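Each chain is listed here by its residues.
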Amino acid sequence: MFRILIVLTTGLSAISIQAAPVIQHWQTDNGARVYFVPAPELPMVDIRIVFDAASARDGDKPGVAAMTAGLLEEGAGKLNADQIADRFDSIGADFGTASLRDMSLVSLRSLTDARYLQPALETMTLILTQPSFPQNAFDRERKRALIGLQAKKQSPEAIADEAFFNALYGDHPYAHDPSGTEQSLKKLTRNDLIKHHKRYYVGSNAIITITGAVDRAQAEKIAQQLIGKLPTGEPAPALPPVKMGAQAVRVTKNFPSTQTHLLVGQAAITRDDPDYFPLYVGNHILGGSGLVSRLSDEIREKRGLSYNTYSYFSPMREAGPFQMGLQTRTDQATQALELLQQTLQTFMNDGPTAEELREAKQNITGGFALRLDSNKKIIENIAAIGFYNQPLDYLDTFNAKIEAVTAEQIKDAFKRRIHPDKMLTVIVGAQANADAAAP
C-alpha cells in the first residue's frame, strides 16, 4: 500500500509540474486588471500588485518612485511602521515592496484561514489607500539612500552598471539608476512622494495577480477589497521609444583594482518583440547557459581569462538591453574584450550548430517546470504576463515556441537585431590599463 501511494504521489507531482497553470483574467470596476491562478495544494495565498509607477516614471525627480514604494509600509492611516510590522508578524504574513525600472511592486503572502488572511488584507488595503509617508521616515530613508549611493561608488560592478545604462539610454527614462542621484535625492520632499502615489497608484494603472488556495469568488473579493477603494485614475502614458546607437561608444571609468569589469551591449528588444524566441534560444547558446555557453568555453575554459562571462537580453516595456560581460585581470582586459567581440561575431556569422541547438532546446524546455514549481515563481510569471500584456496562453505555448526555433531563425534574428559595430563598451578598472584596451 505504501509503495502504491508513493507511485500515485509521484505521478500526480509529475502531472502538476508539467502542466502550465491556467490563468483566469478579469477587470475591477476601477480598471485594475486581475490575473488569478488557483493553487489549492497548500493553505496559503500569494498576492502581487504591480503598478506602472517605477523609475521610468520619475520624470525630473530621479529616485521618487523607489522612495514612494519603500515608504509605503512606514505608515498608513493611524498606524506607524512598528504597528504595521506587528500586524503582519502576529499572523505570520509576509509583506514587501520593491521598485525597478518598469514596475513598482507590492506583495503579500498569507495563510488562507480567514483569521489570518482577513487582517492581512485589511492592513495591505490601508497601506495601498492611505499611506502617510511620515516625515521622520522620509528623512531616515533618504539618508539611507544617500549612504547607499556612496557605497555604490566603492563597487566597480555598480559603477559599470550605472555607466552602461547612462550611456546606452541617454535622455530616455531608463537611463538613470532607480535609486536616484545624490542631487535629486537631496531635492526630494515628502510631498513629491504623495504626488507620485496619487498619480500612479490608481486602479487603471494596476495589475493584481493572485495565486493560492482560494477560488474564483474569493479571488474577486480579494481584488476588490485591495484595489476597490483606489480612484480609477489614468494609466501611465506610453514611454518614448529608445533611440538606437548610431555608432560605437566606449566609456572608461578609473577604479583602483587589479580586476577590470567589461560590459558590452546595445538597446535591443521589448517584451512583445517578434524575434524574442529566436534571440532567447540563441543567447542561451551564446552566453546564457553558464559554463556550457560559447562565451564561457572560449573565455574561461580555453584561455582562463575570466571565471565568469555571460550574455543576456533583458526585454522591457521599451527596448531593454542586450549585454555581454565579464570580469578579468586588468592586464588581460584587451585580450578578453577582443575575444568577447570575436565570439559574438563568429556566432552571428555561423549561427549555432545542430548539436548546440538541440541541447539548448532540451535545457530550456526541460527546466521550464522548475520556473513554475512554487507559488512565488508562478506569481512572478503571471505578473510579468499581465504587466507586459502577453497572451494568457503564454506559459502553455512557451515550450512549443522554443521547439519551433531553427538555426536559420537565430542567425537571421541576430544579424538584423545585433550590431557589433554600434555597441557600447564600458570598462571599469585601473585607468592606464583601461585606456590600453582601446583599439
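Bear in mind the structure is a predicted one, so any value in this text is a computation, not a measurement.

A. Layout of the packing of helix α10 (residues 276-288) against helix α12 (residues 333-350). Between α10 and α12, the least distance of the axes is 11 Å, while the angle of their chain directions is 145°. In terms of crossing hand, the pair formed by α10 and α12 is right-handed. Along the contact surface, α10 presents Gly282, Ile285 and Leu286, while α12 presents Thr343, Leu344 and Phe347. Of the residues assigned to the contact of α10 with α12, the class counts are four nonpolar, two polar and no charged.

B. Spotlight on the side chain of Glu356. The residue Glu356 is located in helix α13 (residues 354-366) in this model. Separated by 2.7 Å, the side chains of Glu356 and Arg294 make a polar contact. For Glu356, the side chain forms a polar contact with the main-chain nitrogen of Thr353, separated by 2.9 Å. In contact with Glu356, not counting residues within four places along its chain, are Ile285 and Arg294.

C. Looking closely at the pairing of strand β12 (residues 320-329). With respect to burial, β12 is a largely interior element, eight of its ten residues being buried. Where strand β10 (residues 259-269) and β12 come together, ten bridges link them in antiparallel fashion. Bridging from a neighbouring strand, Val264 pairs with Met324 of β12. As paired strands, strand β11 (residues 309-313) and β12 are joined by five bridges and run antiparallel to one another. Paired with Tyr310 across the strands is Gly325, a residue of β12. Turn length for the β11-β12 hairpin, with the two strands adjacent in sequence and antiparallel, is six residues.

D. Spatial organisation of the pattern of salt bridges. Scanning the entire structure with this criterion turns up 24 salt bridges. Where Asp46 meets Arg109, a salt bridge forms, and the shortest distance between an N and an O atom there is 2.9 Å. Within this pair, whereas Asp46 is found in strand β3 (residues 44-51), its partner Arg109 is found in strand β7 (residues 104-111), the two being separated by 63 residues in sequence. Using a relative accessible area of 31% as the deciding quantity, one classes Arg109 as partly exposed. Each member of the salt-bridge network shares a partner with another, and the members are Asp273, Asp275, Asp412, Arg416 and Arg417.

Conventions used here
- What you see as residue numbers is a count from 1 along each chain, following the sequence as written.
- Predicted model: local features are reported for residues with pLDDT of at least 70 only, side-chain atom pairs are reported and counted for 80 or more only, and whole-chain, interface and lining totals are derived from all residues.
- Only hydrogens and water are set aside when side-chain values are computed; all heavy atoms of the structure are taken into account.
- Where helices are involved, their axes are fitted lines through C-alpha atoms of the stretch in contact, as for all axes, and angles between N-to-C directions lie from 0 to 180°.
- A run of H or I in DSSP counts as a helix once it spans at least four residues, and a run of E counts as a strand once it spans at least two, with each numbered from the N terminus.
- Crossings are assigned a handedness: left-handed for a near helix turned anticlockwise from the far helix by less than a right angle, right-handed for a clockwise turn.
- Only heavy atoms enter the contact rule, under which two residues are in contact if any of them lie within 4.5 Å.
- Residue polarity is assigned by list, with Asp, Glu, Lys and Arg as charged and Ala, Val, Leu, Ile, Met, Phe, Trp, Tyr, Cys and Pro as nonpolar; anything else, Gly included, falls into the polar class.
- Whenever a nitrogen or oxygen atom comes within 3.5 Å of another N or O atom, the pair is scored as a polar contact, on the condition that within protein one atom can donate a hydrogen and the other can accept it, and that pairs from neighbouring residues in sequence are kept only if both atoms are in side chains.
- Relative accessibility under 20% of the residue-type maximum defines a buried residue, over 50% an exposed one, and the middle range a partly exposed one, all with a 1.4 Å probe and only protein chains included.
- DSSP calls a pair of strands paired once it identifies at least 2 bridges connecting them.
- Counted as salt bridges are all cases of a side-chain nitrogen of Lys or Arg within 4 Å of a carboxyl oxygen of Asp or Glu.

Shape is all these values report; function is a separate question.
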